[in-house]
Amino acid sequence: MQTVKLDLAHAPYDIHIARDLLTQVELIKPLLLQPRVVIVSNATVAPLYLKPLQDALEAADIQCHSIILPDGEVYKTSETLNLIFDALLTERCERKTTLIALGGGVIGDMTGFAAAVYQRGVPFIQIPTTLLAQVDSSVGGKTGINHPLGKNMIGAFYQPRLVLADLATLDSLPLRELSAGMAEVIKYGLIDDLAFFEWLEANIERLMARETDALAYAVERCCQNKARIVAGDEKEQGQRALLNLGHTFGHAIESGLGYGVWLHGEAIAAGMMLAAYASRELDQISDDDIERIKTLLLKAGLPVKAPVLGHERYLDLMAQDKKVDAGKIKFVLMQCLGESYVGELSRDTIIAALDVGCAA
Ligand code: NAD
Ligand code: GLY
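For the structure given in this document, a descriptive report is provided here. (Residues numbered from 1 in each chain as written. Chains lettered and ligands numbered in written order. Predicted model: local features only at pLDDT ≥ 70, side-chain atom pairs only at ≥ 80, totals over all residues. Heavy atoms only, no water.)

Side chains that are nonpolar tend, in soluble globular proteins, to be buried together. Ranked by size, the top nonpolar core spans 82 residues in total, and within it Leu131, Met182 and Ile293 carry the most contacts. Element by element, the count of residues in this core is highest for helix α9 (residues 264-281), at 11 residues. Excluding anything up to four places from it in sequence, methionine 182 contacts Leu131, Ile204, Leu207, Met208, Ala300 and Leu302. By size, the runner-up hydrophobic cluster in this structure holds 25 residues, among which are Val45, Leu53, Ala60 and Ile127. (Core = buried A, V, L, I, M, F, W, Y, C linked by side-chain atoms within 4.5 Å. Buried < 20%, exposed > 50% of the residue type's maximum accessible area, 1.4 Å probe, protein only. Helix = DSSP H or I, 4+ residues; strand = E, 2+ residues; numbered from the N terminus. Contact = heavy atoms within 4.5 Å.)

Next up on the list: helix α8 (residues 247-257). Of all 11 residues in α8, 8 are buried; the element is thus mostly enclosed. Residues of α8 that are buried: His247, Thr248, Phe249, Gly250, His251, Ala252, Ile253 and Glu254. The secondary structure elements touched by the buried residues of α8 are β8 (150-157), α5 (175-192), α9, α11 (311-318), β10 (331-336) and α12 (347-357). Downstream of α8 by one or two residues, glycine 258 has phi in the positive range, about 105°.

Our focus in this paragraph is the site of ligand 2. The full set of residues close to ligand 2 is Asp136, Lys142, Lys226, Glu236, Arg240, Leu243 and Asn244. Take lysine 142: an N or O atom from its side chain is 2.8 Å from an oxygen atom of ligand 2. The separation between an oxygen atom of ligand 2 and a polar side-chain atom of lysine 226 is 2.6 Å. In the complex, 90% of the free accessible area of ligand 2, which totals 190 Å², lies under the protein chains. Per-class residue counts for the shell around ligand 2 are 1 nonpolar, 1 polar and 5 charged. (Near = heavy atom within 4 Å. Polar contact = N/O pair within 3.5 Å; in protein donor to acceptor, adjacent residues only side chain to side chain. Areas by Shrake-Rupley, 256 points an atom, 1.4 Å probe, with all protein chains shown as cover. Nonpolar A, V, L, I, M, F, W, Y, C, P; charged D, E, K, R; others polar.)

Another aspect to go through is the pattern of salt bridges. Pairing between side chains becomes possible if they bear opposite charge and their charged atoms approach one another. One pass over the full model with this rule turns up 21 salt bridges. Its salt-bridge partner being glutamate 201, residue arginine 292 comes within 2.8 Å of it at the nearest N-O pair. Separated by 91 residues along the polypeptide, arginine 292 in helix α10 (residues 287-299) and glutamate 201 in helix α6 (residues 194-208) bring together distant segments of the chain. Overall, the relative accessible area of 24% leaves arginine 292 in the partly exposed class. Residue classification places glutamate 201 among the partly exposed residues on the basis of a relative accessible area of 27%. Among the salt bridges present, the one from aspartate 287 reaches arginine 280, with a minimum N-O distance of 3.0 Å. You can call arginine 280 partly exposed: its relative accessible area is 24%. Connected through shared salt-bridge partners, Asp136, Glu184, Lys187 and Lys226 make up one network. (Salt bridge = Lys/Arg side-chain N within 4 Å of Asp/Glu carboxyl O.)

The buried fraction of strand β6 (residues 124-128) is high, at 5 of 5 residues. Neither face of β6 is exposed, since Phe124, Gln126 and Pro128 on one face and Ile125 and Ile127 on the opposite face are all buried. Sheet analysis places strand β5 (residues 98-103) next to β6, joined by 5 bridges and oriented parallel. Within β6, the position partnered with alanine 101 by the bridge is glutamine 126. Here β6 runs beside strand β9 (residues 162-166); their pairing, made up of 2 bridges, is parallel. Within β9, the position partnered with glutamine 126 by the bridge is valine 163. (Pairing = 2+ DSSP bridges.)

The local shell around ligand 1 holds 28 residues, among which Asp71, Glu73, Thr129, Thr130 and Lys151 are the closest. Between ligand 1 and the protein, one listed contact pairs an oxygen atom with a side-chain N or O atom of lysine 76 at 2.7 Å. Here ligand 1, which alone exposes 870 Å², has 92% of that area covered by the protein. Residue assignment for the shell around ligand 1 shows that the elements contributing at least two residues are α1 (46-59), α3 (105-117), α4 (131-137), β8 and α5. Grouping the amino acids of the shell around ligand 1 by side-chain chemistry returns 7 nonpolar, 11 polar and 10 charged.

Have a look at this one:
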């Protein structure tokens, strides 16, 4: 088992990475404030992984309730969040009851937000079951829900007490979801880790074949990178914004098409290409760099062309991004391959990037 530590002064926690962690209740039990948990999952993940987790917890004398939500980004809403509150109140869950998120990023984000606000805050644990959630969303404490007017617009920074990334759960992940997670993996290489980007170029076939050693290395490396960035800037006052590479364009794609039409990771892949084209417009990366990024994304089964929404629609959607500051849209751009920064783009540069980066 590999362990990455997230060294936040007020709330340090461990991210454990290995196969078959789901039933290792000895990792969970010492963290509970009372021998009672509520597992939040969805209609796809629960039939696969709820019973082994629940059986293991109950065998360790921990009382378990479960809440099964409908599956999908389209359900990452205040209505679904209320289903969690309804169940917690019906079961008379207390301040010391721990919530466990068992699922992908949608379940993790919603459970974390419910934990942040139920009785003004109860402990929670992340058991991420998608690649995307293992390398990104379960780590760092961003929680929340979507609003019809913008993605992840309602939420809180609220850290889990523990993250258990069980690599065996990735065996059942649909290929399209594996690819979506790979977009966030590639993102870490582009943000500030050229050596990892080069490792990915050499090992993408092994990752797509789900070789355990390759997956374990990639998840650990991504979590190390994320833990370092979050430990330095928990509330995104500075460098944490780099984790949003591809997201200004990507969130516009997701809300512009309707949540769930493109997967989050797919939108981020096309969004990273748009950020790359904008960076090339600024003479910061080369045609060769563009080809390397595109080749890696294609080998990961990801889209490299963004959908045509219309320039004005893109600009309008991006004007609602959380990074907008005094009305100015901020983008994560590439200074060179493997080095990024937060900057602004002229309207002409945005349009030039959209012209080359959107499907004809
Ligand atoms: P998801 O949670 O919708 O999961 C993808 C699909 O895979 C779902 O249908 C799910 O039921 C299914 N699934 C999950 N685990 C499975 C398994 N082991 N086997 C079979 N099927 C499984 O999507 P996601 O890609 O995990 O997460 C995307 C969400 O994460 C978005 O809402 C995004 O905004 C959010 N996100 C949050 C952060 C953060 O820092 N909090 C970072 C990145 C993304
Ligand atoms: N996924 C972006 C962040 O956690 O900051």
